[in-house]
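Structure assessment
As a plain string of letters, each chain reads:
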Amino acid sequence: MIMQKKNFYSKLLLAAIILTAGSTSQLSAQDTTKYPAGNDPRIKALLEKVQRAYHGISYLSFRVKYLYANEGQTARSMDSLAGEVEMDRDRSRFVIDGMETVVTDKYAIQVMNEDKAIYLSAARHAGTPNPVSMLDSVFAHIAGIRADVSRQDQSEILTLKFPPGGTYSLVRVQIDALTGYFQKISYSLYTAGLVGQELIESPGHPGPYQSKGQVDIVFSHYERGRFDDALFKEENFFNKTAGRFEPAGRYKDFHIFLASPNL
């Protein structure tokens, strides 16, 4: 169950960075306009700002914290996980509670400490996705989405409200208006995608989780230059000799599994 949550939270973070990698022009403090479609120039400008903030960035690190609470009870978190991210152009490292994913120039390396396993696949550098096109695609394929852009103090906020029947009912992205960096992303969602059905409260079946909940991802401690290229050295994890991959360093007792051919 814990691993299911880790993977779920990891996917939320990845989806946020891909979908919402963009930025915005300055909005007045009172300017809050609701948009029925994804083609408003201010929404596009906001996404493009975030994209500029993260695309091609050198030696950027930050922390993330995941908090889960039942709907209407956000002051009482039921679950929390902490992680950290390091990014250098196409290379990255993401660590969350014992699970580490490192993308180098050649490989995607996932280390599962609890299982003493390393999964190797080919790195995919397909270029930075266009978040504006991706958002347009969301609007084109899911009827009834409403978008809202607002300004709150030194933050710009993009809110997406989804029609009934999907995994999410609302996604709220808070962005630093000056830097374009994420500050907080909140997902209102149906809990069935996060935990097993036996843990969800229903008529005649008590459970710790309600059918709807909220996941908050809080971003903090942005720094530049806190790490160097040594972080992404493949020999930290394995050595390749005569076509064979062998675990290295502190991973010598781990097993390596190849997830891509012709590595």
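Coordinates for the structure precede this section.
Report follows, based on the coordinates. (Residues numbered from 1 in each chain as written. Predicted model: local features only at pLDDT ≥ 70, side-chain atom pairs only at ≥ 80, totals over all residues. Heavy atoms only, no water.)

The nonpolar side chains of soluble globular proteins are, as a tendency, buried together. Counting 38 residues, the largest nonpolar core has Tyr54, Phe62, Val64, Leu158 and Phe182 as its most contacted members. Looking at this core element by element, the count peaks at six residues for helix α2 (residues 41-54). Core analysis: the second largest hydrophobic core is formed by 15 residues, Val102, Tyr107, Phe227 and Phe237 among them. (Core = buried A, V, L, I, M, F, W, Y, C linked by side-chain atoms within 4.5 Å. Buried < 20%, exposed > 50% of the residue type's maximum accessible area, 1.4 Å probe, protein only. Helix = DSSP H or I, 4+ residues; strand = E, 2+ residues; numbered from the N terminus.)

So, about the side chain of Asp88. Tracing the backbone shows Asp88 in strand β3 (residues 79-88). Side-chain polar atoms of Asp88 contact the backbone nitrogen of Tyr59, separated by 3.2 Å. For Asp88, the side chain forms a polar contact with the side chain of Arg91, separated by 2.6 Å. Look past the residues within four positions of Asp88 in its chain and what remains in contact with it is Ile57, Ser58, Tyr59, Phe227, Asp229 and Phe232. (Polar contact = N/O pair within 3.5 Å; in protein donor to acceptor, adjacent residues only side chain to side chain. Contact = heavy atoms within 4.5 Å.)

In this section: the pairing of β3. Burial analysis of β3 places seven of its 10 residues in the buried class, the great majority of the element. As paired strands, β3 and strand β4 (residues 91-96) are joined by six bridges and run antiparallel to one another. The partner of Asp88 across the bridge, within β4, is Arg91. Connecting β3 to the next strand, β4, in antiparallel fashion are two residues, including Arg89 with a positive phi near 55°. (Pairing = 2+ DSSP bridges.)

Attention shifts here to α2. Taking 1.5 Å of rise per residue, the 14 residues of α2 would be expected to cover 20 Å, and the 20 Å separating its terminal C-alpha atoms lies within 8% of that figure. Those residues of α2 that fall on the buried side of the exposure criterion are Ile43, Ala45, Leu46, Leu47, Lys49, Val50, Gln51, Ala53 and Tyr54. With its phi angle positive at about 70°, Gly56 sits one or two positions after the end of α2. (Expected span 1.5 Å × (residues − 1).)

Another point: the environment of Asp40. When you line up the elements, Asp40 lands in the loop between β1 (33-35) and α2. Separated by 109 residues in the primary sequence, Asp40 and Val149 have C-alpha atoms spaced 9.9 Å apart.

A few words on the pattern of salt bridges. According to the stated counting rule, one finds 11 salt bridges in the structure shown. The closest approach of N and O atoms between Glu156 and Lys49, which form a salt bridge, is 2.8 Å. Placement of Glu156 in strand β9 (residues 155-161) and of Lys49 in helix α2 is noted, with a sequence separation of 107 residues between them. Taken individually, Glu156 and Lys49 each receive the classification buried, so the pair is uniform in this respect. The residue Arg93 makes a salt bridge to Glu84 at a minimum N-O spacing of 2.9 Å. Here the residues in one salt-bridge network are Glu84, Glu86, Arg93, Glu100, Glu223 and Arg226, joined through shared partners. (Salt bridge = Lys/Arg side-chain N within 4 Å of Asp/Glu carboxyl O.)

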